[in-house]
Every structure is written in C-alpha cells, then in structure tokens.
Amino acid sequence: MDESMNAKKRKPNWSERELDILAESVLPRNKLLKAKFSNFVTTDRKQELWKEIEDEVNAVSYVNRSVEEIKKKWADIQSLTKKKESERRRLMKETGGGPHSDIYFKSWEKLVLESLSDVAIEGISGGVDTAEPVKDTSTLSQGAVVPVTEADRPGTSKQEKLYIVMSRYLPPAQTGYTEIYPELAKQFILVLKA
C-alpha cells in the first residue's frame, strides 16, 4: 500500500471566523477554565465548558474541531498574541517612545489580550528567571545581590546537592530521600549531571 495513503491528512488552517468565535467563546469562561479545583470547579465542569466551546466553534466551522484541537489552538494563539503585545510594549518603551509601531491586532487577538494579565505579558517586575543559574555576585536590575544557594557552593558533592534540591521540593522523611523516592532521586541525579 502506498505510504501517502496511510499518512494522516492535515486539517485546513483555522479561519478568521473560527478564531473570532474561539476567542468570544473562551473569554467569558476563562476565569472558570483557569480556576483552581474546588467543589464547584471540577474536572467534569471544565470539560463541560470546553465541550460548549467546541460546539460554538464547530457551529461556524466547515471542519469539525475536537476539544483537544481547540485547547491547543487557544494555547497557541495566547502565546503568539502575548509575544506580539510584549514586542509592542517593548517598542513603546524605547527612547523617545520608540518608532510608531506597525503592530495591529485583529479582533480575536484583542479578545485574547483581555484574557491575559500584565504579569503574563511582561513578567514580574524585578523577577529572576529561575531557569537561569544564579551566580555568587549576580546583581539584579534593582541592585539586589542574590546569594549563592548551598547546592551552588564549590566542593558540594553530587549527593549533597541531591539532598539539598530534594529537600526543597519534598516533605521531610526520617530515613532519607533516596530510599523513599528512588525514581525521583534518579531524575534529580540526571539533572545534576547535566
């Protein structure tokens, strides 16, 4: 059998109308979709909301979109819109207000922006990216000096680093972390080796 016959056929791109309806459907439900789980906000309730959104999108679409596809598209357009707004704000902060920005937002992008907080777009003021390694004398933009953690001190063995890192994230144990959480310990060791 020909391989092209077995290949999964790609669905058409999302139309502007589908994107409008997606944003219009998610926005009023956004707080519940992002809310912490409780007696009222359950997994079933969130799935019901996504099913309602799916029905609204499919009502205007000539392609049937699944809940998983809709969730993925929502995450993608939030990310792209956030980047676009971040760039617009960066240009506005340049000396003299920056050049006139040619960044324009479509109607659905404006709705997506309403679902995003300023912190989601700009980050925490004076915050540090925790994915970046912290050095002994790193100075933040506001002049604060960041101390070295115990795990970053020269001469700390990998076992000591493992214990320090695991003790930050796991509940205390009387017999030791590596005995109680062996699989997690292996993952931490792999991270430390990197």
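Now for a quick tour of the structure.

What follows is about the nonpolar core. Within the largest apolar cluster, 24 residues are counted, with the highest numbers of intra-cluster contacts made by Leu 22, Trp 50, Ile 53 and Trp 74. Contributions of two or more residues to this core are made by helix 2 (16-26), helix 4 (43-60), helix 5 (67-92) and helix 6 (107-114). Not counting the four nearest positions on each side in its chain, Leu 22 is found in contact with Trp 14, Ile 53, Val 57, Ile 70, Lys 73, Trp 74 and Ile 77.

On to the side chain of Arg 65, then. When you line up the elements, Arg 65 lands in the loop between helix 4 and helix 5. Judged by relative accessible area, which is 3%, Arg 65 ranks as buried.

Look at helix 4 against helix 5: their axes get within 9 Å of each other, and the N-to-C directions meet at 90 degrees. Classified by the angle between their axes, helix 4 and helix 5 sit roughly perpendicular to one another. For the pair helix 4 and helix 5, contact is made by Trp 50, Lys 51, Ile 53, Glu 54 and Val 57 and by Val 67, Ile 70, Lys 71 and Trp 74, respectively. Of the residues that constitute the contact of helix 4 with helix 5, the class distribution is 6 nonpolar, no polar and 3 charged.

The next point concerns helix 2. Burial within helix 2 is extensive, with 8 of its 11 residues counted as buried. On its buried face, helix 2 is in contact with helix 3 (30-34), helix 4, helix 5 and helix 6.

On the secondary structure map, Asn 30 appears in helix 3. You can call Asn 30 buried: its relative accessible area is 9%. Those residues in contact with Asn 30 that sit more than four places away from it in its chain are Trp 74 and Ser 115.

A separate point is the packing of helix 2 against helix 6. At a minimum axis separation of 8 Å, helix 2 and helix 6 run at an interaxial angle of 20 degrees. On the basis of the axis angle, helix 2 is roughly parallel to helix 6. Once helix 2 is placed against helix 6, the crossing between them reads as left-handed. Contacts between helix 2 and helix 6 pair Glu 16, Leu 19, Asp 20, Ala 23 and Glu 24 from the former with Ser 107, Trp 108, Leu 111 and Val 112 from the latter.

Moving on to the layout of surface pockets. Over the atoms, a rolled probe matching the size of one water molecule traces out where space is still vacant. Of the volumes computed, that of the second largest pocket is approximately 330 Å³. Lining the second largest pocket are Lys 8, Lys 9, Arg 10, Lys 11, Pro 12, Asn 13, Trp 14, Arg 65, Glu 69, Lys 72, Lys 73 and Asp 76. Classifying every residue of the lining of the second largest pocket by side-chain character gives 2 nonpolar, 1 polar and 9 charged.

With that out of the way, let us pick up the packing of aromatic side chains. This model, assessed by the stated rule, comprises 0 aromatic pairs. For Lys 46, the ring lying beneath its charged end belongs to Phe 37, and the centroid distance is 4.3 Å. Over the ring of Phe 105 we find Lys 84; its NZ or CZ atom is 5.2 Å from the centre of that ring.

Positionally, Gln 78 belongs in helix 5. On the accessibility criterion, Gln 78 (14% relative accessible area) is buried. Along the backbone, Gln 78 and Leu 111 are 33 residues apart, and their C-alpha atoms lie at a distance of 9.9 Å. The contacts of Gln 78, once residues within four sequence positions are left out, are Lys 34, Val 112, Ser 115 and Leu 116. Polar side-chain contacts of Gln 78 include one of 3.3 Å to the side chain of Ser 115.

Scoring rules and cut-offs
Residues numbered from 1 in each chain as written. Predicted model: local features only at pLDDT ≥ 70, side-chain atom pairs only at ≥ 80, totals over all residues. Heavy atoms only, no water. Core = buried A, V, L, I, M, F, W, Y, C linked by side-chain atoms within 4.5 Å. Buried < 20%, exposed > 50% of the residue type's maximum accessible area, 1.4 Å probe, protein only. Helix = DSSP H or I, 4+ residues; strand = E, 2+ residues; numbered from the N terminus. Contact = heavy atoms within 4.5 Å. Axes fitted to C-alpha atoms, helices over the stretch in contact; angles between N-to-C directions. Parallel < 35°, antiparallel > 145°, perpendicular 65-115°, else oblique. Nonpolar A, V, L, I, M, F, W, Y, C, P; charged D, E, K, R; others polar. Left-handed = near helix turned anticlockwise from the far one by under 90°. 1 Å grid on protein atoms, 1.4 Å probe; cavity = no way out; pocket = protein on both sides within 12 Å on 5 of 7 lines; lining within 4 Å. Points joined across faces, edges and corners; volume = space filled by probe spheres on them. Phe/Tyr/Trp six-rings, centres within 6.5 Å; stacked < 30°, edge-to-face > 60°. Lys NZ or Arg CZ within 6 Å of the ring centre and 35° of its normal. Polar contact = N/O pair within 3.5 Å; in protein donor to acceptor, adjacent residues only side chain to side chain.

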